[in-house]
Amino acid sequence: MKILHLSDTHGCHRRLKELPEADVVVHSGDFCMDGTEKEVIDFINWFCDLPYDHKIFICGNHDEYLYESKIDGLDDNVHYLCNSGIEIDGINFYGVPMFMGDCITDRFSYNYSRITADTDVLITHCPAYGILDSDDNINYGSWDLLARLLALDLKAHLFGHIHARHDIVYQNGVIYSNGAIMNSNYSSIQFPNVLEI
């Protein structure tokens, strides 16, 4: 299965032209800049129209408009994951958003603890500590998420949030993809990540 991984488009999704072919496109959050209803609707309309068989998205810290919201009316092949999962062609995807309301409580750690053991591809907005999570020599990743990752038998972990660390790395048989599209100062777009599992 070929996965196109996007993250941190911050309202610039319509600038993405001629995206690579893939079986599944995943957006791991921060599709908004200000977190307004207008931005959310524009992104969802664009995302639903993408020519991919399957589309998955989660929310990041800029997508606060969807905090504690349920999205109805999506096409059958478009999946909004919020501490939930979906199976596609025998591969189990699970998504954990990064809402600020969860970050300031212990709910964030609780959400990580609920990631199902059968997850093949984990989608979070936040990186795990020490994996494509540093900027200016500071690691911004989550220790709780790292601990949960070590207990899972993943094929891939898709995330974003740290724009300076856009890359793909392979560690201990797991593909880690930081798909942040906007660069560190939001001045240019980086090429989307494509991975195969």
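Residues numbered from 1 in each chain as written. Predicted model: local features only at pLDDT ≥ 70, side-chain atom pairs only at ≥ 80, totals over all residues. Heavy atoms only, no water.

Re the side chain of serine 28
Here serine 28 lies in the loop between strand S2 (24–27) and helix H1 (37–49). With relative accessibility at 0%, the residue serine 28 sits in the buried group. Separated by 2.9 Å, the side chains of serine 28 and histidine 5 make a polar contact. Looking at serine 28, its side chain comes within polar contact range of the side chain of serine 7, at 2.9 Å. What serine 28 contacts, discounting residues up to four positions off in sequence, is His5, Leu6, Ser7, Ile58, Ile123, Thr124, His125, Leu158, Phe159 and Gly160. (Helix = DSSP H or I, 4+ residues; strand = E, 2+ residues; numbered from the N terminus. Buried < 20%, exposed > 50% of the residue type's maximum accessible area, 1.4 Å probe, protein only. Polar contact = N/O pair within 3.5 Å; in protein donor to acceptor, adjacent residues only side chain to side chain. Contact = heavy atoms within 4.5 Å.)

Digging into the pattern of salt bridges
Overall, the coordinates contain three salt bridges when judged by the stated rule. In this structure, arginine 14 engages aspartate 42 in a salt bridge whose closest nitrogen and oxygen atoms are separated by 2.9 Å. Placement of arginine 14 in the loop between strand S1 (2–6) and S2 and of aspartate 42 in helix H1 is noted, with a sequence separation of 28 residues between them. Of the residues examined, arginine 14 reaches a relative accessible area of 42% and is grouped as partly exposed. Of the residues examined, aspartate 42 reaches a relative accessible area of 29% and is grouped as partly exposed. (Salt bridge = Lys/Arg side-chain N within 4 Å of Asp/Glu carboxyl O.)

Examining the sheet that holds strand S6 (residues 91–96)
The strands that make up a sheet pair up through hydrogen bonds in the backbone, lying either parallel or antiparallel. Spatial strand order, S5-S6-S7-S10-S12-S11: six strands in an open sheet with mixed pairing. Whereas interior strands pair on both sides, the edge strands pair on one side only; in this sheet they are strand S5 (84–88) and strand S11 (167–171). Taking each pair of neighbouring strands and ignoring which way they run, the sheet shows an average axis angle of 15 degrees. Sitting on the sheet, helix H4 (residues 143–150) is in contact with strand S7 (121–124), strand S10 (156–159) and strand S12 (174–178), with an inclination near 175 degrees to S7. (Pairing = 2+ DSSP bridges. Axes fitted to C-alpha atoms, helices over the stretch in contact; angles between N-to-C directions.)

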